[in-house]
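# Chains, contacts and geometry: an overview
Letter by letter, the chains look like this.
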Amino acid sequence: MESLEQIKIRLEAAVPGAKLEILPNESPSGQHSLLLDNAHAVALARFLRDDAQLRFDYCSNMTGVDWPDTEITSKVKVKKVIDGVEKEVDEVTKTARPGFLEGVYHLYSMAMKHGPLILRLRTGNRKDQVQLPSFTPVWRSCEFQEREVYDLFGVVFDGHPDLRRILMWDEFRDHPMRKDYSEPDDYEYEPTPHDDVLEKSKRHQAAKGTL
Amino acid sequence: MLGSGILKGLAETAKNFVGSYIDESGLTTIEYPDERQTLAENTRQFPFLVFDGDDAMKGLRCVSCQICEKECPPQCIFIVKSKDKKPDHVGKPQFYPATFDIDLSVCMSCQICVEVCPFEAIKMDTEFELSTSDRFGQLLLHKGQLAKPNSHFQEIHPTDAAVSDAALAADKAKAEAKAAADAKAKAEAGIPRPLASSPEAVTIPPALGPPNLPM
Amino acid sequence: MSVATESPAPRNYEVVPKTSPEGSELDGELLEVAMGPQHPSTHGVFRMDVVLDGETVVKLKPVFGYLHRNHEKIAENTSYLGSMPYTDRLDYFCSLTNNWAYALAVEKLAGLQVPERAEFIRVITAELTRLQNHTSVCGFLLQDMGALGTPLMYAFREREKILDLFESLTGARMMCNYMRFGGCRCDLPPGWLDRVRKIVGDFPQFLDSYEALLNTNEILLARTQGVGRLPRELAISAGVTGPMLRACGVDYDIRKVDHYGIYDRFEFRIPLGEQGDVYDRYMIRLLEIRESLKILQQALKEVPGGPIIDPKAKLRSFRPKVGEAYGRIEGPKGELGFYLISDGSPNPYRYRVRPPSLINLTILEDMCLGQSVADAVVTLGSVDIVLGEVDR
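Computed from a prediction, not measured in an experiment: that's the story for all the values here.

We now examine the overall build of chain B. Looking only at helices and strands, chain B features seven helices and six strands. Along its sequence from the N terminus, chain B presents helices and strands in the succession α-β-α-α-β-β-α-β-β-α-β-α-α. Within chain B, the proportion of its 215 residues that are buried is 40%. Contacts in chain B between residues far apart in sequence, at least 24 positions, make up 69% of those at least 6 positions apart. Carbon and sulfur atoms make up 59% of the accessible area of chain B, which amounts to about 12,300 Å² in all.

Following this line, the structure appears as structure tokens:
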């Protein structure tokens, strides 16, 4: 398989205007990923599937990741003159990173037997810009998996033919896999050694006025 | 010929049927509970607490370190640590569990509590006939119901028990040697001083790394 | 292999075409039937909303989630080790392969090396799992076809022997919780390998009798051949994996492609089907059992001594470095993958299971349309789903 850099160059040549970024992965697995821009994502995916050398005809895994708003602290060694002496000081910079939802795709090629190529798509934020382009028209295997991400993360896939909840029931309101999800407290009464479930249930019943 | 495949299949079932009269291995079912199978030695059902000696409450090996409570995946263990201390098997004063409950309706028999316990205090039982008429109350086992003697452990898992007994005996020998050396040093120095507790008193399986006991 | 120009789109559910000619005596109203979630011939709590025109399926929507417990969320709130027993409960037929897939992903994430002896034990237990899964699935398929009892009980009789092996090794018959990051939990009990050799040696005899019982049975042939056909382009595009994919003639087995574990040391072949119908899926499973037996015979010859777990692997306070990893294995049902993101804390930041059963169901409707409702049941049986894994 070509290296990720080569694939990136070829993708940029094939789809003019596409913005791509390689996201490094520091773990021993060494599985780096490629961030696509949403506007050209489907065209890029088609190219990856149909290109004679790449032939990523099989989208194995599609999933979502929730990244809430966070503050990234980075330490940089800065040379500073303190009391006339030049010293190396750690300068801590804090940058606020707005949250987003991410779609991760693991592609393999059944024809060429290589892979994985990891693609990522990011939404604008976690509230009102949660649209991502759907890859279901490109790889049918995304159909249920994108429904699952819609159900559990609340990502809306544009172009998905049948976007409904899949694991939770239709009337369910929240998205359970989000990091800030708080579970409902209307539990069935089941005492546990800790009895926190029972406490929760009692609070809920009291609030509803049924107790 | 149409139907020959079906006849061939019927011959096969007939062979199995007749075979079950000739060959014992053809009869795979047994009439539980009148007949019972011997269980495999590694069989595990639900955890129990091991105690040494005759008195369950005195000899309990558990020192209430709460590692199992923290590591238990379904969170079915509930421990309250004691205020005072009692001597453990090497004579070192240790906390003991004032309350130790396991909710069997939640426990999933995964054995992780046994693996993480550095004190050989919790082991898996092979008792499986646990049906009760009260789903909540009677399946919540307390310290008294969970405590079982070491001889029970030796009986159900002889291989594991031998390993665990050897480890504990090694501890004890080490602690005694240390105590003897301390006593000798004390006699030589002639100054009374409190008995130092041995840092090696706790055996840690090598894969576990140092226990970060919340004490 | 031709490249699909466009993935076949799922159908528009608003317009359901009728199959009988208008005005004929067969022309009638469409009937909507909810098959399941408690129907005795569906697999677990699975529902198919079927719209029938007479007996012909014109629309089929799989509905699941009845067994959903958000395994992924539970795993994100527990330690890496704490998720291991939960993986047993995904596909409760094959807990050892589930353990392996998860352990493999964590080993990739943390860079652990598995000792040779543990690799052999993993291969042996995984192939035994495949044996018992495939035999039982063939039994279930026959059960769906109306062969109540006999084939399934014969399969269960053999499965029982393998489960006894698992019990004496791991302590549990189905919820094994045996593999650990960087190896296995405990060493083999004495005499265990001899027992495996005996069962592996006897298995071909059982297979011969099983095949004599069924393979030439005219009813089985009539009910399976040409039923539930799956075109290979659609199978590839829909990410179908495992015996279902190979029944369509696609040569893709992760044991051969990824060479995970030590599968490159064994000689075995990949059985491939031609038609992609239920009969091919049934036959592929029987043939795969024979190949698994070959692997087992080779592995049992040369189990080396030595440690069974990487000494670097920690049981408690295990914190992999920041990063992510995707590990996958060829489970009995298809590609079972685990995708993990670590943020350096003791709990995974993201834990994702790629369930083969769920993704193999994507094309259930495509396979069942235009068939009779009885064939839809058989087609579902040939997919080999376990709802613990579909719903997670």
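The next point concerns the interface of chain A and chain C. Listed per partner, the contact involves 52 residues of chain A and 56 residues of chain C. Of the roughly 4,400 Å² buried between chain A and chain C, counting both surfaces, carbon and sulfur atoms make up 53%. Of all residues in chain A, M110(A), R140(A) and F144(A) give up the largest surface area on contact with chain C, accounting jointly for 18% of the area buried on that side. Where E324(C) meets R120(A), a salt bridge forms, and the shortest distance between an N and an O atom there is 2.9 Å. Those elements giving two or more residues to the side of chain A that touches chain C turn out to be α2 (41-50), β3 (58-67), β6 (100-109), β7 (114-122) and α3 (142-153) of chain A. When grouped by side-chain class, the residues that make up the side of chain A that touches chain C number 23 nonpolar, 13 polar and 16 charged.

The next point concerns the sheet that holds strand β8 (residues 350-354) of chain C. Residue and element names in this part refer to chain C. Ordered by their spatial adjacency, three strands build an open sheet running β6-β7-β8, and the pairing between neighbours is antiparallel. Every interior strand has two partners, whereas the edge strands, β6 (323-331) and β8, have only one. Sheet twist, expressed as the mean angle between neighbouring strand axes with direction ignored, is 10 degrees. Where β6 lies against strand β7 (residues 334-342), nine bridges are found, and the strand directions are antiparallel. When the bridges of β7 are listed, A325 appears paired with L340. Contacting β6, β7 and β8, helix α3 (residues 95-110) crosses the sheet at an angle of about 150 degrees to β6.

Our next topic: unusual backbone geometry. A cis amide bond, omega 5 degrees, links Y32(B) with the succeeding residue P33(B). Looking at the element boundaries, P33(B) is found in the loop between α1 (4-22) and β1 (47-51). For R55(A), which is not glycine, the phi torsion reads 50 degrees and is therefore positive. One can find R55(A) in the loop between α2 and β3. The phi torsion at N70(C) lies on the positive side, around 50 degrees, for a residue other than glycine. On the secondary structure map, N70(C) appears in the loop between β3 (56-63) and α1 (71-76).

Residue and element names in this part refer to chain C. Contact geometry for helix α11 (residues 278-301) and helix α14 (residues 373-383): axes closest at 10 Å, N-to-C directions at 30 degrees. In terms of orientation, α11 and α14 fall into the roughly parallel class. Here α11 and α14 pass one another in a crossing that is left-handed. For the pair α11 and α14, the contacting residues are V278, R281 and R285 in the first and V378, T379, S382 and V383 in the second. Of the residues in the contact of α11 with α14, the class split is three nonpolar, two polar and two charged.

Another aspect to go through is the packing of aromatic side chains. Evaluation of the coordinates by the stated rule reveals 29 aromatic pairs over all chains. Between F203(C) and F206(C), the ring centres sit 5.4 Å apart and the planes meet at 70 degrees, which makes this aromatic pair edge-to-face. Taken together, the residues F203(C) and F206(C), both in helix α6 (residues 192-214) and three residues apart, mark about one turn of the helix. Relative accessible area serves as the criterion here: at 7%, F206(C) is assigned to the buried category. Where Y263(C) meets F266(C), the ring centres are 6.5 Å apart and the plane angle is 75 degrees; that geometry is what we call edge-to-face. Taken as a pair, Y263(C) and F266(C) share a single burial class, namely buried. By the ring-pair criterion, three or more aromatic residues cluster together here, those being Y80(C), Y102(C), F181(C), F318(C), F338(C) and Y351(C). Stacked on the ring of Y349(C), the Lys or Arg K179(A) has its end atom at 4.1 Å from the ring centre. K256(C) extends its terminal NZ or CZ atom over the ring of F268(C), reaching a point 4.3 Å from the ring centre.

How each quantity is defined
Residues numbered from 1 in each chain as written. Chains lettered and ligands numbered in written order. Predicted model: local features only at pLDDT ≥ 70, side-chain atom pairs only at ≥ 80, totals over all residues. Heavy atoms only, no water. Helix = DSSP H or I, 4+ residues; strand = E, 2+ residues; numbered from the N terminus. Buried < 20%, exposed > 50% of the residue type's maximum accessible area, 1.4 Å probe, protein only. Contact = heavy atoms within 4.5 Å. Areas by Shrake-Rupley, 256 points an atom, 1.4 Å probe, with all protein chains shown as cover. Buried area = accessible area lost by both parts, 1.4 Å probe. Salt bridge = Lys/Arg side-chain N within 4 Å of Asp/Glu carboxyl O. Nonpolar A, V, L, I, M, F, W, Y, C, P; charged D, E, K, R; others polar. Pairing = 2+ DSSP bridges. Axes fitted to C-alpha atoms, helices over the stretch in contact; angles between N-to-C directions. Parallel < 35°, antiparallel > 145°, perpendicular 65-115°, else oblique. Left-handed = near helix turned anticlockwise from the far one by under 90°. Phe/Tyr/Trp six-rings, centres within 6.5 Å; stacked < 30°, edge-to-face > 60°. Lys NZ or Arg CZ within 6 Å of the ring centre and 35° of its normal.

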